[in-house]
Structures are given as structure tokens and as C-alpha cells.
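As a plain string of letters, each chain reads:
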Amino acid sequence: TPSTDLKELTVSFYSDLYRHFGIFRSAPAFYQLSMGFLNRAVAAIIARATEQIGPAADALPEMALIAVGPAGRFEYSPFCLLQFLLVHGEADESQLQSIDLFCQALHAGFEDAGLAVDPAVTPRNAEWRGTPAQWKRRCEEGLRSRINKNKEIINLYRLADQHPLSPAGQLD
């Protein structure tokens with residue numbers, strides 16, 4: 001609910017989850033429960049970010065939030081920095097401004113919920129958000145690039161592990 005303290009809930013959940021792991025020692029159960037919690041927390045964070053940007057939310061195109069890195073491999077724990085990207089529909093200038101506001105609010109929402117976010121691999125940074133065509137072009141350029149080859153290859157590897165945190169079109 002809007003009044004739920006997500007940080008308190010996150011701390012409580014992971015405290016219980018680590019206690020569970022200490023008893024049963026099941027890594028698959030740990031990660032399954034952790035990803036389930038992350039997906040539910042994301043829904044609340046998205047709702048709050050949308051509410052926070054107010055009327056600008058009406059201009060948002062269809063979007064999908066995608067986890068990459070450990071969460072993209074279904075291996076999220078609070079000791080990992082959360083890495084994620086945003087895929088959105090075609091947008092005009094005013095929609096791009098709304099997307100930027102949303103991404104800033106979204107990033108802050110994750111941090112407020114006690115979920116540490118990678119400062120670089122987040123849609124708060126424009127290179128981690130775009131249309132499907134922009135993502136395709138970035139991948140193609142990354143494969144051809146000889147400049148900053150290591151950074152480009154690492155980013156392409158990040159894209160190999162993906163998990164949708166919100167189904168396409170579900171960010172209202």
C-alpha cells in the first residue's frame with residue numbers, strides 16, 4: 001500500500017530469508033523467494049514513481065523494466081547491486097522528459113526501499129533506456145566497436161541475462 005515502509009519490509013524479508021537459508025541451506029529456494037520479493041517490491045516502486053511524477057505520468061509511452069546482471073540470472077540478493085534497464089515505445093520530446101522524470105523517481109524508489117542500485121547500470125542514465133530499435137542499434141554498435149571494447153563487451157554480456165521486472169505495457 002502507499003503507506004507501507006518498503007525499506008522496513010525489505011530488511012524484515014531478507015532477515016527472515018537469511019534465517020531460512022541458515023536452517024535449510026537451499027540456494028534455489030533462497031533465490032526463488034528473493035526474486036519473488038523483488039518482483040512484488042518493483043510493482044510498488046513503479047506505482048510510487050508513477051504517482052510521484054504526477055501529470056507527467058500521463059505522457060509515458062508503453063514501457064518494460066528489465067533486470068540484468070545477477071537479478072537477470074535470477075540470482076538477486078541484497079549484497080548485489082541491482083542492475084536494470086528500461087525499454088519504451090517511440091516517444092516525442094515531452095514524453096522523453098516524462099521518461100527521464102520517471103527514471104529518476106524509479107531509481108530513488110529502489111534506494112528508498114533499501115535495494116542498492118548500481119549507479120551506472122540504471123535507466124536513470126540515458127544509455128540504459130531506449131526503444132527496441134535503439135537497443136538493437138546499441139547491440140550492433142557494441143559488436144562492431146573497437147573503441148572501449150571491454151566496456152562494450154561487458155555491457156553486451158549484461159544484456160544476455162535478462163528478467164522482466166514488469167511485463168511489457170504494464171507500467172501505467
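Preceding this section is the structure that the text describes.
Fair warning: this is a prediction, and the values are worked out from it, not measured in the lab. (Residues numbered from 1 in each chain as written. Predicted model: local features only at pLDDT ≥ 70, side-chain atom pairs only at ≥ 80, totals over all residues. Heavy atoms only, no water.)

Draft legend 1. Structural context of the pairing of strand 2 (residues 83-88). Of all the six residues making up strand 2, five are buried; the element is thus mostly covered by neighbouring parts of the structure. Here strand 1 (residues 63-68) pairs with strand 2 via six bridges, running antiparallel. By the bridge assignment for strand 2, Ala67 is matched with Phe84. The pairing of strand 2 with strand 3 (residues 129-130) spans two bridges and is parallel. In the strand pairing of strand 3, Leu86 is matched with Arg129. With respect to chirality, the unit in which strand 2 leads through helix 3 (residues 93-112) into the neighbouring parallel strand 3 is right-handed. (Buried < 20%, exposed > 50% of the residue type's maximum accessible area, 1.4 Å probe, protein only. Helix = DSSP H or I, 4+ residues; strand = E, 2+ residues; numbered from the N terminus. Pairing = 2+ DSSP bridges. Right-handed = clockwise from strand over helix to strand, strands pointing away.)

Draft legend 2. Region of interest: the nonpolar core. If you look at the biggest cluster of nonpolar residues, it comprises 34 residues, and the most contacted ones within it are Leu38, Leu65, Leu106 and Phe110. At the level of secondary structure, the elements contributing two or more residues to this core comprise helix 1 (6-24), helix 2 (27-52), strand 1, strand 2 and helix 3. Among the elements that make up this core, the one with the highest residue count is helix 2 (nine residues). The residues contacting Phe110, other than those within four sequence positions of it, are Val42, Ile45, Leu65, Leu82, Phe84, Leu115 and Val117. Counting residues in each nonpolar core, the second largest holds nine residues, with Ile66, Val68, Leu85 and Trp128 among its members. (Core = buried A, V, L, I, M, F, W, Y, C linked by side-chain atoms within 4.5 Å. Contact = heavy atoms within 4.5 Å.)

These values are about where atoms sit, not about what they do.
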